[in-house]
There are 2 protein chains.
Amino acid sequence: MLFWDDAAVTRGDGVFESIKIVDGKPVNLERHLDRFVRSATLLGLDAPIREHWAAATKEAAVQWAEKYGEGEAACTWTMSRGRASRPHIPSTWLVVKPIGKDILRQRAEGVKVLTGPRGYQLTETPPWSISGAKTLAYAENMAALRYAREKGYDDVIFTDGEQVLEGATSTIITLRGNKVRTPQPGGPVLPGTTQARLFTAAEKAGLSCKEKPMYLGDLLKADQVWLVSSTRGPVLVTQLDQHVLKPSGDLKAIRKLLSEG
Amino acid sequence: MLFWDDAAVTRGDGVFESIKIVDGKPVNLERHLDRFVRSATLLGLDAPIREHWAAATKEAAVQWAEKYGEGEAACTWTMSRGRASRPHIPSTWLVVKPIGKDILRQRAEGVKVLTGPRGYQLTETPPWSISGAKTLAYAENMAALRYAREKGYDDVIFTDGEQVLEGATSTIITLRGNKVRTPQPGGPVLPGTTQARLFTAAEKAGLSCKEKPMYLGDLLKADQVWLVSSTRGPVLVTQLDQHVLKPSGDLKAIRKLLSEG
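This one's a predicted model, so the numbers in the text were calculated from it and none came from an experiment.

Brief notes about the packing of aromatic side chains
The relative placement of two aromatic rings is captured by the distance of their centres and the angle of their planes.
So, point 1. Within the structure shown, the criterion is met by 15 aromatic pairs over all chains.
So, point 2. A centroid spacing of 4.3 Å and a plane angle of 40° characterise the contact between Trp64(A) and Tyr68(A), whose relative ring orientation is tilted. Note that Trp64(A) and Tyr68(A) are positioned in helix α3 (residues 50-68) at a spacing of four residues, about one turn of the helix.
So, point 3. Take Tyr68(A): its relative accessible area is 52%, and that puts it in the exposed class.
So, point 4. A ring pair is formed by Phe158(A) and Trp128(B), whose centres lie 6.1 Å apart and whose planes are at 65°; its orientation type is edge-to-face.

So, in structure tokens, the structure goes:
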């Protein structure tokens, strides 16, 4: 429970991470810690103490496995600026919950994706910019997802003209031959922890991995288009607006790299 | 208290209004109801029932006055998408609290304001746009205010090149001769309830009121520059970046219009 005057409630003024738990252990922990610390620092919050969050997450993962058995779960870290009536004391908490049915279905069946404009372009960067922080201010992304679902789609890819940026809660990955590509992170594109893990594993496996500007045409020409995020994992894009995609090649390759990486 | 899985907490996915209470009565109630309903509708929430919110606010205002005496207080309405574990039931609440010391000081002394870029330009409007809704996603504005305070300023005015848009939590008003001006609302500028109330009162008093694009030069040339918002009321801008402003004319006029309007 939170107090009504917590900055997480009144202003979306806080940061979070979602971490996948598998068989009683957190996945990709270091990268999540990196981004969590970076997000908190951008917002001028006290830097989270890595060892504490790591220990708490590992303990929670073990307890979850003891109670509900091995398998998967989703852990969320949150750190907000805290209560207005008690300044300078951040609120922090950690939650573990089961993987939703929607996610299981999307993993099995893939996702139909609607594209649409992000609606803004970054211009001159203000000195107080928190761009690149994973904040609680997701109302716009939630609106995009609701709209897509009303139209019979599962997810959204944000665009800027012909350029593709990111999913509403995920990073875009394409595979074409032995080339793995993701849109250049930074600016309006949040650097992805799962994408980083995938690139490390894919490079080890001899694939060519690059971050570079990506266009709608690249998605249509790719052998496979994936949306990757921590908890949901990789989900295959089966439709892009009106275009039914015909994925080719080994559809298990990306999944395998991420489950081993 | 709120549950940790409330959309207000996890996603800033909700809307709010701040209403001033004076002598046991809410001020400018109808305009706040209008904007609250509009914000909720933009987010695809059930439209708040005006009569219920009005009645609850009036009752809370009377109770506050009985307990703490006449005078001022600040009321906040919040409506979020509700708990993830209990879909389609919005969370709604109303809080009344005293006017902060900072606000009393700013009303008495005016505010020193730092200008800086909003950091983005609106481009193609997405079909799911929630632009114009007063949502809980204020992390960027809070970052701007923290930055300004660290530099010895009280507030921020967002700009787009030479054009001025709005304060971090307020609407800009200039007075020059008998001309009252405010930057054209819409797009990146939230329509202000207090500005609307001021215009109605000022027109009645024979002043010329217009919404039109406003530039930094207009602020420097004005007789008076004000930031207006519901709870804080109008505060006089005494410094704009390095420029100390020299307000001229009757400094009580704007305050008087708003206290009577």
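Regarding the relation of the copies chain A and chain B
Superposition of the two copies of the chain requires a rotation about an axis and a shift along the axis.
So, point 1. Superposing chain A onto chain B takes a rotation of 180° combined with a translation of 0.0 Å along the rotation axis, leaving an RMSD of 0.0 Å. Both copies are brought into coincidence by an operation consistent with a two-fold rotation axis.
So, point 2. Both copies contact each other with a shared surface, as 100% of the interface residues of chain A are interface residues in chain B too.

Looking at the packing of helix α2 (residues 29-42) of chain B against helix α3 (residues 50-68) of chain B
Residue and element names in this part refer to chain B.
So, point 1. Running from N to C, α2 and α3 point in directions that differ by 135°, and their axes come no closer than 11 Å. Comparing the axis directions of α2 and α3 gives the class oblique. For the pair α2 and α3, the sense of crossing is right-handed. On the side of α2, the interface is formed by Leu 29, Glu 30, Leu 33, Asp 34, Phe 36 and Val 37, while α3 contributes Arg 50, Trp 53, Ala 54 and Lys 58.
So, point 2. Along the lines of polarity and charge, the residues of the contact of α2 with α3 split into six nonpolar, no polar and four charged.

Quick look at the pattern of salt bridges
So, point 1. Going through the model one piece at a time under the given rule, you end up with 26 salt bridges over all chains.
So, point 2. Among the ionic pairs, Arg118(A) bridges to Glu166(A), the shortest N-O distance being 2.8 Å. Of this pair, Arg118(A) sits in the loop between β5 (111-117) and β6 (120-122) while Glu166(A) sits in strand β8 (residues 163-167), placing them 48 residues apart in sequence. Here Arg118(A) matches Glu166(A) in class, with each residue buried.
So, point 3. Glu72(B) is the salt-bridge partner of Arg107(B), the closest N and O atoms lying 2.8 Å from each other. Placement of the pair is Arg107(B) in helix α4 (residues 101-109) and Glu72(B) in strand β3 (residues 72-80), with a sequence separation of 35 residues.
So, point 4. Among the residues examined, Arg107(B) registers a relative accessible area of 17% and is labelled buried.
So, point 5. One salt-bridge network, held together by shared partners, links Asp102(A), Arg105(A), Glu109(A) and Asp154(A).

Topic: helix α6 (residues 193-204) of chain A
Helical geometry note: an α-helix holds 3.6 residues per turn, so side chains three or four residues apart project in the same direction.
Residue and element names in this part refer to chain A.
So, point 1. Taking 1.5 Å per residue, 12 residues should reach 16 Å; α6 reaches 17 Å between its end C-alpha atoms and fits that length.
So, point 2. Within the sequence span of α6, burial applies to Thr 193, Thr 194, Gln 195, Arg 197, Leu 198, Phe 199, Ala 201 and Ala 202.
So, point 3. Directly beyond the C-terminal end of α6, a positive phi value near 90° is found at Gly 206.

A few points about the side chain of Asp241(A)
All names here are of chain A.
So, point 1. Relative to the elements of secondary structure, Asp 241 occurs in the loop between β14 (233-240) and β15 (243-244).
So, point 2. No salt bridge is formed by the buried Asp 241; its nearest oppositely charged neighbour, Lys 151, is found at 12 Å.
So, point 3. Contacts of Asp 241, omitting those with residues within four sequence positions, involve Val 113, Leu 114, Thr 115 and Tyr 153.

With respect to the pairing of strand β7 (residues 155-160) of chain B
A regular strand places its side chains so that they alternate between the two faces of the sheet.
Residues and elements named next belong to chain B.
So, point 1. Counted residue by residue, β7 has five buried out of six residues, so it is predominantly covered.
So, point 2. Of the strand pairs in this sheet, strand β5 (residues 111-117) and β7 are connected by five bridges, and their pairing is parallel. Opposite Gly 116, over in β7, you have Phe 158 as the bridge partner.
So, point 3. Bridge count for β7 against strand β8 (residues 163-167) is four bridges, and the pairing is antiparallel. Opposite Phe 158, over in β8, you have Glu 166 as the bridge partner.

With respect to the domain arrangement of chain A
Residue and element names in this part refer to chain A.
So, point 1. Under the domain assignment used here, chain A contains domain 1 (7-99) and domain 2 (104-260).
So, point 2. Contacts between the two partners involve 22 residues from domain 1, matched on the other side by 22 residues from domain 2.
So, point 3. Between domain 1 and domain 2, a total of about 1900 Å² is buried, with carbon and sulfur atoms accounting for 60% of that surface.
So, point 4. Sorting the residues of domain 1 by area buried against domain 2 places Phe 16, Arg 31 and Arg 35 first, and these three jointly supply 32% of that buried surface.
So, point 5. For the pair domain 1 and domain 2, the interface holds one salt bridge.
So, point 6. Where domain 1 meets domain 2, there are nine residue pairs in polar contact (both at pLDDT 80 or more).
So, point 7. For the side of domain 1 that touches domain 2, the secondary-structure elements that each account for two or more residues are β1 (14-22), α2 (29-42) and β3 (72-80).
So, point 8. It is β1 that contributes the most residues to the side of domain 1 that touches domain 2, seven residues altogether.
So, point 9. For the side of domain 1 that touches domain 2, the class distribution of residues is nine nonpolar, seven polar and six charged.

Considerations on unusual backbone geometry
So, point 1. In this structure, Asn28(A) takes a positive phi of about 65° despite not being glycine.
So, point 2. Mapping Asn28(A) onto the fold places it in the loop between β2 (25-26) and α2.
So, point 3. The backbone of Asp241(B) shows a phi angle near 50°, a positive value even though the residue is not glycine.

A short note on the sheet that holds β2(A)
Residue and element names in this part refer to chain A.
So, point 1. What the four strands build is an open sheet, ordered β2-β1-β3-β4; its pairing is antiparallel. Two strands in the sheet have a free side with no partner beyond their single neighbour: β2 and β4 (91-97).
So, point 2. Judged from the two bridges that link them, β1 and β2 form a sheet pairing that is antiparallel. Paired with Val 22 across the bridge in β2 is Lys 25.
So, point 3. Packing of α2 onto the sheet brings it into contact with β1, β2 and β3, and relative to β1 it is tilted by some 175°.

So, the environment of Ala148(B)
All names here are of chain B.
So, point 1. Inspection of the secondary structure assignment puts Ala 148 in helix α5 (residues 139-150).
So, point 2. The buried category is assigned to Ala 148, whose relative accessible area is 0%.
So, point 3. If sequence neighbours within four positions are ignored, Ala 148 has contacts with Leu 114, Tyr 153, Asp 155 and Val 156.

Details of a nonpolar patch on the surface
So, point 1. Taken together, the side chains of Met1(A), Phe3(A), Met1(B) and Phe3(B) make up a nonpolar region of the molecular surface, amounting to roughly 410 Å² of accessible area.
So, point 2. The residue Phe3(A) is located in the segment before α1 (7-11) in this model.
So, point 3. When its relative accessible area of 36% is taken as the criterion, Phe3(A) is described as partly exposed.

Basis of the calculations
Residues numbered from 1 in each chain as written. Chains lettered and ligands numbered in written order. Predicted model: local features only at pLDDT ≥ 70, side-chain atom pairs only at ≥ 80, totals over all residues. Heavy atoms only, no water. Phe/Tyr/Trp six-rings, centres within 6.5 Å; stacked < 30°, edge-to-face > 60°. Helix = DSSP H or I, 4+ residues; strand = E, 2+ residues; numbered from the N terminus. Buried < 20%, exposed > 50% of the residue type's maximum accessible area, 1.4 Å probe, protein only. Least-squares fit on C-alpha atoms with pLDDT ≥ 70 in both. Contact = heavy atoms within 4.5 Å. Axes fitted to C-alpha atoms, helices over the stretch in contact; angles between N-to-C directions. Parallel < 35°, antiparallel > 145°, perpendicular 65-115°, else oblique. Left-handed = near helix turned anticlockwise from the far one by under 90°. Nonpolar A, V, L, I, M, F, W, Y, C, P; charged D, E, K, R; others polar. Salt bridge = Lys/Arg side-chain N within 4 Å of Asp/Glu carboxyl O. Expected span 1.5 Å × (residues − 1). Lys, Arg positive; Asp, Glu negative; His and termini not counted. Pairing = 2+ DSSP bridges. Domains from an automatic or database assignment. Buried area = accessible area lost by both parts, 1.4 Å probe. Polar contact = N/O pair within 3.5 Å; in protein donor to acceptor, adjacent residues only side chain to side chain. Patch = residues over 30% accessible without salt bridge, like charges linked within 9 Å, V, L, I, M, F, W, Y side chains within 5 Å. Areas by Shrake-Rupley, 256 points an atom, 1.4 Å probe, with all protein chains shown as cover.

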